[in-house]
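Residues per chain are reported as follows:
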Amino acid sequence: MSMVQALNSAMDVMMGRDDKVVVFGEDVGYFGGVFRCTEGLQRKYGTDRAFDTPIAEAGILATAVGMGVYGLRPVVEIQFADYIYPATDQLISSAARLRYRSAGEFTAPITVRTPCGGGIFGGQTHSQSPEAIFTHVCGLKTVIPSNPYDAKGLLISAIEDDDPVIFLEPKRLYNGPFNGHHDQPVTPWTEHPSGEVPDGHYTVPLSTASVVRAGEDVTVLTYGTMVHVALAAVAESGVDAEVVDLRTLVPIDIDTIVASVTKTGRCVIVHEATRTSGFGAELSALVQENCFYSLEAPIVRVTGWDTPYPHSLEWEYFPGPRRVAEGLRKAMGG
Amino acid sequence: MKNTVPLQLHVPEPSARPGQPPDFSWVKLPAAGSVTRPDIGAEPAAIREHAFALIRVLDDNGNAVGPWDPRLDPETLRRGLRAMMLTRAYDNRMFRAQRQGKTSFYMPCTGEEAIGVAQAMALDDRDMTFPTYRQQGLLIARGWPLVDMMNQVYSNSHDRLKGRQMPIMYSSKEAGFFSIAGNLATHFPQAVGWAMASAIRHDDRIAAGWIGEGATAEGDFHHALTFASVYRAPVILNIVNNQYAISSFQGIAGGEHATFAARGLGYGLPSLRVDGNDFLAVHAVTSWAADRARSNLGPTVIELLTYRASAHSTSDDPSKYRPADEASQWPLGDPIARLRAHLVALGAWSNEQHAQLAAEVDGAVRDAQREAESYGTMGVGEHHSPATMFEDVFKEMPWHLRRQRQELGF
Ligand SMILES: Cc1ncc(C[n+]2csc(CCOP(=O)(O)OP(=O)(O)O)c2C)c(N)n1
């Protein structure tokens, strides 16, 4: 399956198992979503379980919270992560804190799916990676898969989870494991082991990182599209790196991080989002706090530049394999 | 009290889906000329019915009838026709340029040309506009060079926006055309802020904002109406109801039980609903609203009823969600054909003149395209240096951006 099909399958499975699961958002009903992730769900489950909404992200999140309070499990789509900002008050002040402010009396078990990241010449309003904004909010879980198998298993876990989950979908991975070599064709997921996705119900638990490549010399902490970019960079640089796909950013799998960095003694953090106050800053602090005495070199960050995402200069902006490889060499002291 | 029937969720459905015959029986068309033209000082409460009416000037025979006839001279009408035809020719070329791989994206305004063009002509060139991505007609009617627009679409070396913005996200301070935002509706209350500033400074310029019917669902739409109403801002608030957002029809935006113009009533704003494919009617209501704003009588809400005849953008395939032949059945017709028929009815236009004009605008677009392509197309030929990526984040580049620029090799 492609990642689009895997996500669709996750929603299909959950709608079939639990009639409290409802799916809505802009263009998700009849049309099936601008990236086709909800295709067929309205036909199968009816218009009151999969429907189009007005163009009002705050309204989408607000009604999702209300439905969650009633006892449903809303799975909403924000068409692009770049358009989630009108909804931030509902997310930050309501969804994230409802459990706390009512001492557990009311909760908002919602899942917010939204495509993130660049690579489609979408300019500054179709390319952002705003994960750090959400990881900074107490009470939100933030998940970002890097392949179809994880995407389905994580999305099912997110829907079953009783807390609000921000589920970021790297749009450049929807149809294949894009590794940053934009001038080369991307092989489809069907030719990738992670494209083998069971039809039925299974979960990939939240808060578990995955070591996608074992290595001895340096740990790469990354997630989303950059997992594949990092793997390409490792292959091309010849550095024996251990690549950790974090998968869930909050609550993070600290044990896997500590085990890896303690073993390698070096750490490169890679994300597509801008650098300053990006999630890499948190990772860097965690590594420093937990692995200080194992570190043999300063922690290196490879990230998007601190500028809005440009349109035509997209590939100068994107932290591709060449920049990640440079980061690896730097961490190795080269 | 206990409910006796189970509750049901209502999800609006359009009148026709792919494979079904188009059905516009719900579009109520009052006869051209039948809606009264109130004095600009009319109390909003006294003209509430205008929010549910449909102001039309051009009748089926191409005659201008009724109190809203703006009585434009043939020379002005021909200028309007030319600007609309130029807009359409430009759209067609740029749509094709995207298909040819010369740029990443494009959005046409096909079928909606009367809106940008007639409104630009009814406003003063010094008035400030806050458009959406579908009012390229404003720039064209204000005589802004096509080459400059194409440079933006191509992200080439002459693109004043340095390749930073997606195609069609134009910006021209000189033309009074605000930088297009990708985030829907954000600019709409900004138009009100600009108008408030003009009032604070006792200026004589007014502002106009545009928004799609889909985007009226955003909170920003309501902020615009609230602030405009409270401060009686000199602004025109245009809602372009072209029936569709991307795949969702206007019922999903809340158009099933009330018109979009009627949104203004709750804020005590005079609200007019107009045939958006009728050049004369669009010009007339815009002039009316501009006169009100200039006379310190405050804002006007205008709903322009039209139809998005083309795809939402080059990324969209409308045959997936609406009948393929729906556009041809749209009861308000085509704005260019209707203005042409009017000029013919006036005896001020001939088929030869029309053919000549069509060839002239095509030639103008072709010449502009040739020039723009000599400055590069997207990814091919000259473009801005990657070093420019770090400029304009701040007025002065801070150390961390200078360092990142060096890291990139500049
Ligand atoms: C805040 C925000 N949400 C979603 C989008 C994605 N989007 C772009 S255009 C569009 C439809 C807009 O429809 P409408 O306002 O009716 O204008 P039209 O395109 O029909 O002119 C959507 C949903 C966006 N650009 N911004």
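Residues numbered from 1 in each chain as written. Chains lettered and ligands numbered in written order. Predicted model: local features only at pLDDT ≥ 70, side-chain atom pairs only at ≥ 80, totals over all residues. Heavy atoms only, no water.

## Overview of the overall build of chain A
Looking only at helices and strands, one finds twelve helices and twelve strands in chain A. Computed over the C-alpha atoms, the radius of gyration of chain A is 19 Å, within 12% of the 20 Å expected from 2.2 N^0.38 for a compact globule of 334 residues. Dimensions of chain A, computed from the C-alpha atoms along their principal axes, are close to 60 × 45 × 35 Å. Burial status across chain A gives 63% buried among its 334 residues. Contacts in chain A between residues at least 24 apart in sequence constitute 78% of all its contacts with a sequence separation of at least 6. For chain A, the exposed area adds up to about 11800 Å²; of that, 51% sits on carbon and sulfur atoms. The average position of the 25 basic charges and that of the 40 acidic charges among the side chains of chain A differ by 1 Å. (Helix = DSSP H or I, 4+ residues; strand = E, 2+ residues; numbered from the N terminus. Rg over C-alpha atoms; globule rule 2.2 N^0.38 Å. Buried < 20%, exposed > 50% of the residue type's maximum accessible area, 1.4 Å probe, protein only. Contact = heavy atoms within 4.5 Å. Areas by Shrake-Rupley, 256 points an atom, 1.4 Å probe, with all protein chains shown as cover. Lys, Arg positive; Asp, Glu negative; His and termini not counted. Charge placed at Lys NZ, Arg CZ, Asp CG, Glu CD.)

## Looking at the side chain of Thr53 of chain A
Relative to the elements of secondary structure, Thr53 of chain A occurs in the loop between strand E2 (50–52) and helix H3 (57–70). One polar contact links the side chain of Thr53 of chain A to the main-chain amide nitrogen of Glu26 of chain A, over a distance of 3.4 Å. Beyond its immediate sequence surroundings of up to four residues, Thr53 of chain A is in contact with Phe24, Gly25, Glu26 and Ile60 of chain A together with Ile252 of chain B. (Polar contact = N/O pair within 3.5 Å; in protein donor to acceptor, adjacent residues only side chain to side chain.)

## Here we look at the pattern of salt bridges
Across all of its chains, the model carries 37 salt bridges over all chains by this definition. Measuring nitrogen to oxygen at the nearest pair gives 2.5 Å for the salt bridge that ties Arg113 of chain A to Glu169 of chain A. Here Arg113 of chain A, found in strand E4 (residues 111–116), pairs with Glu169 of chain A, found in strand E6 (residues 165–170); they are 56 residues apart in sequence, far enough to count as distant. Note on accessibility: Arg113 of chain A and Glu169 of chain A belong to one class, buried. Across the pair Asp125 of chain B and Arg142 of chain B runs a salt bridge, and its minimum N-O distance is 3.9 Å. With Asp125 of chain B in the loop between helix H2 (113–122) and strand E1 (128–130) and Arg142 of chain B in the loop between helix H3 (136–141) and helix H4 (146–154), this residue pair connects regions lying 17 residues apart in the sequence. Taking the relative accessible area as the measure of exposure, Asp125 of chain B reaches 52% and is therefore exposed. Judged by relative accessible area, Arg142 of chain B falls into the buried class, the value being 14%. Residues joined by salt bridges that share partners form a network here, namely Arg99, Lys141, Asp161 and Asp163 of chain A. (Salt bridge = Lys/Arg side-chain N within 4 Å of Asp/Glu carboxyl O.)

## Side note on the packing of helix H1 (residues 74–99) of chain B against H2 of chain B
All names here are of chain B. The geometry of H1 relative to H2 is characterised by a closest axis approach of 9 Å and an angle of 140 degrees between their N-to-C directions. Classed by the angle they form, the pair H1 and H2 counts as oblique. H2 is crossed by H1, and the crossing has right-handed handedness. Together, Thr76, Arg79, Gly80, Ala83, Met84, Thr87 and Arg88 of H1 and Glu113, Ala114, Val117 and Met121 of H2 make up the contact between the two elements. Split into classes, the residues belonging to the contact of H1 with H2 amount to five nonpolar, three polar and three charged. (Axes fitted to C-alpha atoms, helices over the stretch in contact; angles between N-to-C directions. Parallel < 35°, antiparallel > 145°, perpendicular 65-115°, else oblique. Left-handed = near helix turned anticlockwise from the far one by under 90°. Nonpolar A, V, L, I, M, F, W, Y, C, P; charged D, E, K, R; others polar.)

## A short note on the pairing of E6 of chain A
Residue and element names in this part refer to chain A. The buried count for E6 comes to six of six residues, which makes it a mostly enclosed element. Of the two faces of E6, both are covered, the one formed by Val165, Phe167 and Glu169 as well as the one formed by Ile166, Leu168 and Pro170. In this structure, E4 lies alongside E6, joined through six bridges in parallel fashion. Opposite Val112, over in E6, you have Ile166 as the bridge partner. Across three bridges, the pairing between strand E5 (residues 141–143) and E6 is parallel. (Pairing = 2+ DSSP bridges.)

## A look at the interface of chain B and chain A
Chain B puts 40 residues into the contact, and the matching count from chain A is 37 residues. With both chains or domains summed, chain B and chain A bury close to 3300 Å², and 63% of this area falls on carbon and sulfur atoms. Remark: the boundary between chain B and chain A carries one salt bridge. Arg275 of chain A is the salt-bridge partner of Glu407 of chain B, the closest N and O atoms lying 3.9 Å from each other. (Buried area = accessible area lost by both parts, 1.4 Å probe.)

## Some words on H1 of chain B
Turn by turn, an α-helix covers 3.6 residues, leaving residues three or four places apart pointing in a common direction. Residues and elements named next belong to chain B. With 26 residues, H1 should cover 38 Å at 1.5 Å per step; its first-to-last C-alpha distance of 37 Å lies within 8% of that length. For H1, the N-terminal cap is Asp73; the gap from its side-chain oxygen to the backbone nitrogen of Glu75 is 3.1 Å. Taken from the residues just after H1, Gly101 is the one with a positive phi, measuring 80 degrees. (Expected span 1.5 Å × (residues − 1).)

## Structural notes on the site of the ligand
Glu57 of chain A together with Tyr133, Arg134, Gly182 and Tyr244 of chain B are the nearest of the 20 residues found near the ligand. Chains contributing residues near the ligand are chains A and B. Here a nitrogen atom of the ligand sits 2.6 Å away from a polar atom, N or O, in the side chain of Glu57 of chain A. A distance of 2.9 Å separates an oxygen atom of the ligand from a polar atom in the backbone of Ala215 of chain B. (Near = heavy atom within 4 Å.)

## Thoughts on the confidence of the model for chain A
Averaged over all residues, the pLDDT of chain A is 98; the fraction at 70 or higher stands at 100%. Within chain A, helix H11 (residues 314–317) of chain A has the poorest average pLDDT of any element, 96, and strand E8 (residues 218–222) of chain A the best, 99. (pLDDT = per-residue confidence, 0-100.)

## Considering the sheet that holds strand E2 (residues 207–212) of chain B
All names here are of chain B. Pairing is parallel in the open sheet, where five strands are placed in the order E1-E2-E3-E5-E4. On the outer flanks of this sheet lie E1 and strand E4 (271–275), each paired with one strand and no other. Each adjacent strand pair in this sheet contributes to an overall mean axis angle of 20 degrees, direction not counted. Both E1 and E2 contribute to a ladder of three bridges, which runs parallel. Residue pairing across strands places Thr129 opposite Ala208, the latter belonging to E2.

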